[in-house]
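Close look at the chain arrangement
Spelled out, the chains give:
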Amino acid sequence: YFMRNKCIKDAMKTVGFVPNRKLPPSLAMMDLRGKWKINKGDDPAWKEPGYEDSNWAEAEAGKMWEDAAYPGYDGYAWYRKTFEISKREKKVWEKEDIVFQAGSIDDVDSVYLNGKKIGGSGQFPPLFKTAYDKMRIYRVPKGLINYGGKNTVAVRVFDEVGAGGIVSGPVRFGPLVSIQYKPIVYAPAEMPVADIAFKTDRKDYKS
């Protein structure tokens, strides 16, 4: 009842209170942290969505490889993760820029969605150049997402000293607007300081 009053609404707006705008659930990104399939070595066939990876080891994406209990890392390896996106997301997601995001990948990476490259950072040997401290945000081309079915992200990695991989979060997939969204709850308005003079000679002044 309090907030139904126009004078109250105007006052709240004047001092800088605004609604806590929540991001619609349909625009939230999918969290891809957790267990990923992982294999040492380097084979271009591993980027294909239909590749059989059931016998691969598992590692926790977002942790250093030694912390993810993956032994014997020798430089090149691949991560793979398969997930589903429902058809109901299509109507909203097709209007947005869709991205794959990873906190950092040590040292070099190429990222594929459903067999197609969507991005990469650093340079693989022999022209090695690290990009271990760079946040990865790779845009997904329109039409590459399989709505109502399975999608596979494959990440080719190389690390110079043997303890790399997807080493920090977030690790997620979805609308770019979710990353850019910053809710505002209180933003003080720019207001001039009131100039108040108390005149002691006023007979009606009481305090």
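Above this text sits the structure in question.
Parameters and conventions
Residues numbered from 1 in each chain as written. Predicted model: local features only at pLDDT ≥ 70, side-chain atom pairs only at ≥ 80, totals over all residues. Heavy atoms only, no water. Core = buried A, V, L, I, M, F, W, Y, C linked by side-chain atoms within 4.5 Å. Buried < 20%, exposed > 50% of the residue type's maximum accessible area, 1.4 Å probe, protein only. Helix = DSSP H or I, 4+ residues; strand = E, 2+ residues; numbered from the N terminus. Contact = heavy atoms within 4.5 Å. Pairing = 2+ DSSP bridges. Axes fitted to C-alpha atoms, helices over the stretch in contact; angles between N-to-C directions.

Okay, the nonpolar core next. Generally speaking, a soluble globular protein has its nonpolar side chains buried in company with each other. Within the largest apolar cluster, 28 residues are counted, with the highest numbers of intra-cluster contacts made by Trp36, Phe100, Val155, Ile166 and Phe173. For this core, the elements supplying multiple residues, two or more each, are strand E2 (34–40), strand E3 (57–61), strand E4 (76–85), strand E5 (98–106), strand E6 (108–113), strand E9 (149–158) and strand E10 (165–175). Beyond its immediate sequence surroundings of up to four residues, Trp36 is in contact with Ala57, Glu58, Ala59, Ala61, Tyr79, Arg80, Lys81, Phe100, Val153, Val155, Ile166 and Val171. Counting residues in each nonpolar core, the second largest holds five residues, with Trp46, Trp56, Trp78 and Ala154 among its members.

Strands sit in the order E3-E2-E4-E9-E6-E7 across an open sheet of six strands; the sheet is antiparallel. Since the sheet does not close on itself, it has two edges, and those belong to E3 and strand E7 (116–121), each with one partner. Pairs of neighbouring strands in the sheet enclose a mean axial angle of 30°, with direction left out of account.

Across the sheet, which stays open at both edges, the four strands sit in the order E1-E10-E5-E8 with antiparallel pairing between neighbours. Here the strands that pair on one side only, and so sit at the sheet edges, are strand E1 (30–31) and strand E8 (136–139). As defined by bridge partners, E5 adjoins E10 across eight bridges and the pair is classed as antiparallel. In the sheet register, Phe100 faces E10, and the bridge partner there is Phe173.

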